[in-house]
Amino acid sequence: MNPFSSGTRLRDMIRAIRACKTAAEERAVVRKECADIRALINEDDPHDRHRNLAKLMFIHMLGYPTHFGQMECLKLIASPGFPEKRIGYLGLMLLLDERQEVLMLVTNSLKQDLNHSNQYVVGLALCALGNICSAEMARDLAPEVERLIQFRDPNIRKKAALCSTRIVRKVPDLAENFVNAAASLLKEKHHGVLITGVQLCYELCLINDEALEYFRKKCTEGVIKTLRDITNSAYQPEYDVAGITDPFLHIRLLRLLRVIGQGDADASDLMTDILAQVATKTESNKNAGNAVLYECVETIMAIEDTSSLRVLAINILGRFLSNRDNNIRYVALNMLMKAITFDDQAVQRHRVTVLECVKDPDASIRKRALELVTLLVNENNVTQLTKELIDYLEISDEDFKEDLSAKICFIVEKFSPEKLWYIDQMLKVLCEAGKFVKDDVWHALIVVISNASELHGYTVRALYRAVLTYSEQETLVRVAVWCIGEYGDLLVNNVGMIGSEDPITVTESDAVDVIEDAITRHNSDSTTKAMALVALLKLSSRFPSISERIKDIIVKQKGSLLLEMQQRAIEYNSIVDRHKNIRSSLVERMPVLDEATFNVRRAGSFPASASTVAKPSVSLPNGFEKPAVAPLLDLLDLDSDDILAAPSSSGADYLQDLLGVDLGSSSSQFGATQAPKAGTDLLLDILSIGTPSPAQNSISSIDLLSTADVNSNPSNALDTLSSPVPPHTATTASTGMFDLLDGLSPSPSKEATNGPAYPSIVAYESSSLKIEFTFSKPPGNPQTTNVQATFINLSPNTFTDFIFQAAVPKFLQLHLDPASSNTLPVSGNGAITQNLSVTNSQHGKKSLVMRMRIGYKLNGKDVLEEGQVSNFPCGL
Amino acid sequence: MTCLIMLASGIHFVLLVSRQGKVRLTKWYSPYAQKERSKVIRELSGVILNRGPKLCNFVEWRGYKVVYKRYASLYFCMCIDQEDNELEVLEIIHHYVEILDRYFGSVCELDLIFNFHKAYYILDELLIAGELQESSKKTVARIISAQDQLVEVAKEEASSISNIIAQATK
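Keep in mind that what you see is a predicted model, and the values were worked out from it rather than measured.

J.: Help me understand the overall build of chain A, please; the structure alone is not making it clear to me.
T.: Looking only at helices and strands, chain A has 41 helices and ten strands in total. In chain A, which comprises 876 residues, the share counted as buried stands at 59%. Restricting the contact set of chain A to residue pairs at least 6 apart, pairs at least 24 apart contribute 69%. Carbon and sulfur atoms make up 51% of the accessible area of chain A, which totals about 35,400 Å².

J.: Would you take a moment to explain the overall build of chain B for this structure?
T.: In terms of regular secondary structure, chain B is built from five helices and seven strands. Put simply, chain B runs from its N terminus to its C terminus through helices and strands in the order β-β-α-β-β-β-α-α-α-β-β-α. Buried residues in chain B amount to 58% of all 170 residues. Pairs at least 24 apart in sequence give 48% of the contacts found in chain B among residues at least 6 apart. Taken as a whole, chain B presents about 7,000 Å² of accessible surface, with 56% of it coming from carbon and sulfur.

J.: Quick question: what am I supposed to make of the interface of chain A and chain B here?
T.: Accessible area lost during the coming together of the parts is what is often quoted as the interface size. The interface is formed by 76 residues belonging to chain A together with 72 residues belonging to chain B. Between chain A and chain B, a total of about 6,300 Å² is buried, with carbon and sulfur atoms accounting for 56% of that surface. Applying the counting rule to chain A against chain B returns ten salt bridges. Among the ionic pairs, B:Glu131 bridges to A:Arg169, the shortest N-O distance being 2.7 Å. Among the residues making up the side of chain A that touches chain B, the classes are represented as 37 nonpolar, 17 polar and 22 charged.

J.: Looking at this structure, I do not really get the nonpolar core. What am I missing?
T.: A general tendency of soluble globular proteins is for nonpolar side chains to be buried together. Membership of the largest hydrophobic core comes to 268 residues, with the highest contact counts inside it found for A:Leu92, A:Leu204, A:Phe215, A:Leu256, A:Val358, B:Tyr96 and B:Leu127. Element by element, the count of residues in this core is highest for helix H26 (residues 474-493) of chain A, at twelve residues. Among all residues touching A:Leu92, those that are not within four sequence positions of it are A:Cys73, A:Leu74, A:Ile77, A:Leu103, A:Val106, A:Ala128 and A:Ile132. Grouped together as the second largest cluster of nonpolar side chains are 32 residues, A:Tyr758, A:Leu824, A:Leu836 and A:Val869 included.

J.: Explain the sheet that holds strand S5 (residues 784-793) of chain A to me, please; I cannot follow it from the model alone.
T.: Picture the strands of a sheet paired through backbone hydrogen bonds; they go either parallel or antiparallel. Residues and elements named next belong to chain A. Judged by pairing direction, the sheet is antiparallel, and its five strands sit side by side in the order S3-S4-S5-S8-S7 without closing on themselves. Edge positions in the sheet fall to strand S3 (761-765) and strand S7 (812-816), since each of these pairs with one other strand and no more. Going from strand to strand, the sheet's axes swing by 25° on average, the running direction of each strand aside. Relative to strand S4 (residues 769-776), S3 is paired through four bridges, and the arrangement is antiparallel. The residue bridging Ile 761 from the neighbouring strand is Phe 773, located in S4.

J.: Which parts of the structure should I look at to understand the pairing of strand S4 (residues 64-71) of chain B?
T.: Side-chain direction in a regular strand flips from residue to residue, so the side chains alternate between the two faces of the sheet. Residue and element names in this part refer to chain B. Of all eight residues in S4, six are buried, a share of seventy percent or more. Sheet analysis places strand S3 (residues 58-61) next to S4, joined by four bridges and oriented antiparallel. Each bridged residue has a counterpart across the sheet, and for Glu 60 the counterpart in S4 is Lys 65. Between S3 and the antiparallel strand that follows it, S4, lie two residues; Arg 62 among them carries a positive phi value of about 50°. As paired strands, S4 and strand S5 (residues 74-80) are joined by seven bridges and run antiparallel to one another. Paired with Tyr 68 across the strands is Cys 77, a residue of S5. Linkage of S4 to S5, two consecutive antiparallel strands, is achieved through a turn of two residues, within which Ala 72 is found at a positive phi near 50°.

J.: Would you explain the sheet that holds strand S6 (residues 799-807) of chain A in this entry?
T.: Residue and element names in this part refer to chain A. Strand order in the open sheet formed by three strands is S6-S9-S10, and the pairing between neighbours is antiparallel. Looking at the sheet topology across the chains shown, the edges are occupied by S6 and strand S10 (861-869). Adjacent strand axes in the sheet meet at a mean angle of 15° when their direction is disregarded. As defined by bridge partners, S6 adjoins strand S9 (residues 850-858) across seven bridges and the pair is classed as antiparallel. Paired with Ala 806 across the two strands is Met 852, which belongs to S9.

J.: Looking at this model, I keep getting lost on the packing of helix H5 (residues 82-95) of chain A against helix H5 (residues 137-168) of chain B. Mind explaining?
T.: A pair of packed helices is captured by two measures, namely the crossing angle of their axes and the spacing between those axes. For the pair H5(A) and H5(B), interaxial distance at closest approach is 8 Å and the crossing angle is 125°. When the axis of H5(A) is compared with that of H5(B), the two are oblique. For the pair H5(A) and H5(B), the contacting residues are A:Phe82, A:Pro83 and A:Arg86 in the first and B:Ile144, B:Gln147, B:Asp148, B:Leu150, B:Val151 and B:Ala154 in the second. Its residues assigned to classes, the contact of H5(A) with H5(B) shows six nonpolar, one polar and two charged.

J.: Please explain the side chain of A:Gln834 as it appears in this structure.
T.: Residues and elements named next belong to chain A. Relative to the elements of secondary structure, Gln 834 occurs in strand S8 (residues 832-840). A residue is classified by how much of its surface remains accessible, and Gln 834, at 5% relative accessible area, is buried. In this structure, Gln 834 is in contact with Val 787, Gln 788, Ala 789, Phe 791, Phe 804, Leu 816, Asp 817, Pro 818 and Ala 819, ignoring residues within four places of it in sequence.

J.: When you look at the packing of helix H4 (residues 70-78) of chain A against H5(A) in this model, what are you seeing that I'm missing?
T.: Residue and element names in this part refer to chain A. Between H4 and H5, the shortest axis-to-axis distance is 7 Å and the interhelical angle comes to 145°. Here H4 runs over H5; the crossing is left-handed. Residue-level contacts link Gln 70, Cys 73, Leu 74, Leu 76 and Ile 77 of H4 to Glu 84, Lys 85, Ile 87, Gly 88, Tyr 89, Gly 91, Leu 92 and Leu 95 of H5. Considered class by class, the residues forming the contact of H4 with H5 number eight nonpolar, three polar and two charged.

J.: Can you walk me through a negative patch on the surface in this structure?
T.: A cluster of like negative charges, contributed by A:Asp173, A:Glu176, A:Asp209 and A:Glu210, occupies part of the molecular surface. With a relative accessible area of 62%, A:Glu210 lands in the exposed category.

J.: Help me out: how do you make sense of helix H2 (residues 86-104) of chain B in this one?
T.: Every α-helical turn comprises 3.6 residues, leaving residues that sit three or four positions apart pointing alike. Residue and element names in this part refer to chain B. An ideal rise of 1.5 Å per residue puts 27 Å on 19 residues; H2 measures up with 27 Å between its terminal C-alpha atoms. With 14 of its 19 residues buried, H2 lies for the most part within the structure. Just downstream of H2, Gly 105 is the residue with a positive phi angle, here 75°.

J.: What should I look at first to understand the packing of aromatic side chains in this one?
T.: Evaluation of the coordinates by the stated rule reveals 22 aromatic pairs over all chains. Centre to centre, the rings of B:Phe13 and B:Trp61 are 6.1 Å apart; their planes meet at 90°, and the pair counts as edge-to-face. Of this pair, B:Phe13 sits in strand S1 (residues 13-18) while B:Trp61 sits in strand S3, and the two are 48 residues apart along the sequence. Neither residue differs from the other here; B:Phe13 and B:Trp61 are each classed as buried. Taken together, A:Phe791, A:Phe799, A:Phe802, A:Phe804 and A:Tyr856 form an aromatic cluster joined through their ring pairs. In this structure, A:Arg86 is placed above the aromatic ring of B:Tyr121, and the distance from its NZ or CZ to the ring centre is 3.8 Å. We note A:Arg366 situated over the ring of A:Phe400; from NZ or CZ to the ring centre the distance is 4.6 Å.

J.: Quick question: what am I supposed to make of the environment of A:Thr231 here?
T.: Residues and elements named next belong to chain A. Tracing the sequence through the fold places Thr 231 in helix H12 (residues 209-232). With 14 residues separating them along the chain, Thr 231 and Thr 245 place their C-alpha atoms 7.1 Å apart. Excluding residues within four positions of it along the chain, Thr 231 makes contact with His 250, Ile 274, Gln 277 and Val 278.

J.: Help me understand the pattern of salt bridges in this model?
T.: Working definition: two side chains of opposite charge can pair if their charged atoms are close together. Inspection of the entire model under this criterion finds 52 salt bridges over all chains. Among the ionic pairs, A:Glu516 bridges to A:Arg549, the shortest N-O distance being 2.6 Å. Separated by 33 residues along the polypeptide, A:Glu516 in helix H27 (residues 508-520) and A:Arg549 in helix H29 (residues 547-556) bring together distant segments of the chain. Look at A:Arg549 and you get partly exposed, because its relative accessible area is 25%. It is possible to trace a salt-bridge network through shared partners that takes in A:Arg252, A:Arg255, A:Arg258, A:Glu295 and B:Glu88.

What counts and how
- Residues numbered from 1 in each chain as written.
- Chains lettered and ligands numbered in written order.
- Predicted model: local features only at pLDDT ≥ 70, side-chain atom pairs only at ≥ 80, totals over all residues.
- Heavy atoms only, no water.
- Helix = DSSP H or I, 4+ residues; strand = E, 2+ residues; numbered from the N terminus.
- Buried < 20%, exposed > 50% of the residue type's maximum accessible area, 1.4 Å probe, protein only.
- Contact = heavy atoms within 4.5 Å.
- Areas by Shrake-Rupley, 256 points an atom, 1.4 Å probe, with all protein chains shown as cover.
- Buried area = accessible area lost by both parts, 1.4 Å probe.
- Salt bridge = Lys/Arg side-chain N within 4 Å of Asp/Glu carboxyl O.
- Nonpolar A, V, L, I, M, F, W, Y, C, P; charged D, E, K, R; others polar.
- Core = buried A, V, L, I, M, F, W, Y, C linked by side-chain atoms within 4.5 Å.
- Pairing = 2+ DSSP bridges.
- Axes fitted to C-alpha atoms, helices over the stretch in contact; angles between N-to-C directions.
- Parallel < 35°, antiparallel > 145°, perpendicular 65-115°, else oblique.
- Left-handed = near helix turned anticlockwise from the far one by under 90°.
- Patch = residues over 30% accessible without salt bridge, like charges linked within 9 Å, V, L, I, M, F, W, Y side chains within 5 Å.
- Lys, Arg positive; Asp, Glu negative; His and termini not counted.
- Charge placed at Lys NZ, Arg CZ, Asp CG, Glu CD.
- Expected span 1.5 Å × (residues − 1).
- Phe/Tyr/Trp six-rings, centres within 6.5 Å; stacked < 30°, edge-to-face > 60°.
- Lys NZ or Arg CZ within 6 Å of the ring centre and 35° of its normal.

So, to be careful, I would describe these as geometric facts and stop short of saying anything about function.
Below you can see the structure in the form of structure tokens.
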């Protein structure tokens, strides 16, 4: 030991740490050590560096921060001795990762060490570079490494080869520089160099097509010969693993042949013999042999069609699958998934075995097998496979149920031969694993049920039976509640019996019991409760005789802690209580939900992109007698003509509409495509809170929320605009609604009376249209700006069906009042005005911006104009 | 996970954990920030240590595969891509263990605790950039001992110099 050094030795520190009985003790020891090391670092004594860094590495492994030691690594690397460099490079690789700036400081030391006279120092530098180099370092040091591939010592050649693989991974442009050097390595006899050389060639082939062509042309035969030699070689104790000479080299050679053969029939032909030999001659009783066989099968399946070889490959996989070793079965399942693409029949033969694997105690195997089964399902075997899987669902582990039920649902949806079967299977899944079923799956089920009008009675009765037994399965309860709400009358009267069904006697009050149970159970979540509340409202009309009881249940929800529930309870109570005359039309059965729209919506709801969202709108505007997407509007029985414009843009709120109530939580799955709370807004608008013109307003709010969608599809926007503009007089239905909300005072935005004055601006001007904005601020509310927009027609003709839409970024809130008219006469004969109020949540930080879109008809032709307003006066 | 998915990337990281969940060695070939590293270790040791004895040696994790094997009280884990040959990785693990065994003379966990840096040096002679560099155990042993020798020589020199200094300053 160095007599000048202070502090504890590494060994003593490790002992001290190991002696700690509690985590707190360990922390104390580590803290003290770190403090000592920091002090020593500050003294900058080169004698202790070596040991300090070793200690730091140990501390690092325990999970404590050690960033203060990073510079010590660099100092050690820069010192002249081998021991210092050795520990320095080790610390560098352990304490730093390639994203740290400090790493750049080491480039120069690395360069010097790559040219060092001691080959072991060169080896250290190559190893560090190969393990953590960044793209910049790769560029800087590539020439050095390339030169070292030809170094006299094999130890350096192999390190340089692997270092090059890292370099070309980081900077693929450099690949061509390495091609010649890599090809020369293929002739090596030294196994280490050969292995790394083959690896580098493989890597280059993947990255660079020219390199692939080069190796294909020049090296195919050489590689095949090397593989043949190694396969036929006599026993070599140095490389032997379980009777196979260097399985690692085998595997790399097979992998290189794979890329060479793929897409090239001639090269594939050349390698047929040797592949057949490896596939038949390799011992398969040990892991090493199986690893080689596995690689061989993979190569056979990847290269150009040589059908006799493929039979061989599939047979090997069949053998693997019946192996008792779990590892081998696992890889067999994995490979069969790939084999399915070229020989479905051969894989189908193993279906029974695969199905057994789904029930394996090993989670990894189960998961693989389940995925394979999903691929094996087709129209012919779907009923049998589904039955097996559902039977297993009943007894499977809880933590596997989620995966399993998801796959069953996928299979059932994809291959369902008929609706009755689909509904039956889905009900079984919901009963067994309802709490794991994803929202889109049970939403889809509701859409299907809604479409199967002849099965409504059957379904609602089956659900009723199921929910009595499996009331803890949340999604089952939801679907049941929805169906009972919709089809409660069919439930009690045994309407629409189908052949196989046993009649049941359900009284109206039994049906309500189920709903009451769902709404009062403490562990029901808010969505379920909300659905139950809607169901109750519906049942109050379906079962007039017990509407008093239903009312009592609804009234109880007035005390709900959820604001939404409270509010709905008050509203629904009011409907039940005071509006018997409109109640039945209000809660009519929902129109059939449109499956196509839902499916597109569903597909689009995952990758949140504008293009997928735009699709549903395209399919919608025409061709439906009743716009199915806006059931709530229908629910309120507004004239559908009035709202024809709404469905085309309300696609995003489809399911919200379905549920009728938005509780926020239920909307999470729609992610970014969904305007938050849109459902509620819609409802509020329909119920006409504080606005004199509900139909108009609901449209404008929907349009605003979905402007982004509309933007991506101009033709759709035209559709929107060309449809009749709703009259802005209140419809009778909506006036009737006014007193629904007794107690809640309407809050229309009032005209500003006084406030700071802002100059008016010309927000938009084209050859035919000019828009002016004048501003005012309501007193006491600096965030809000009232904007009066004046539209002036600059063309010689009158605009009809004039509609103005605007959109604002998230930090703004926009409210549009109805326009003064939808007909814009020629300039001088009048103008349309429309009031907007904008609330700026970032008032003082960000200024207003607005996008707008103006549509109108000119001489019977649709015209669409768009613009952005960014010249708002400061301080709004 | 922020690491770049390339066509081939070899072994992403090597991890040695004890049965008690103590980390004995970590080696990262793909870029993981320090915070991610500890998260990965926590997550994986939770999964792997809880697996039963007769199950297969592969765990699917975050879209990758982790091949692990238990030797006495230590779990050796290597993370690879979905397409990689997991049976071969098992062989690589075994290869490493055999070299350790030869170097330490029937290796045990304590050897790897007190001589953790040696375990790293050996690993560095076995893998670079997540790829195997040597299939001969003998060659690895030879290169390691040559380097150990270099360190010994340097140490002797240093101590003889410091002795001279010590005597001179007496």
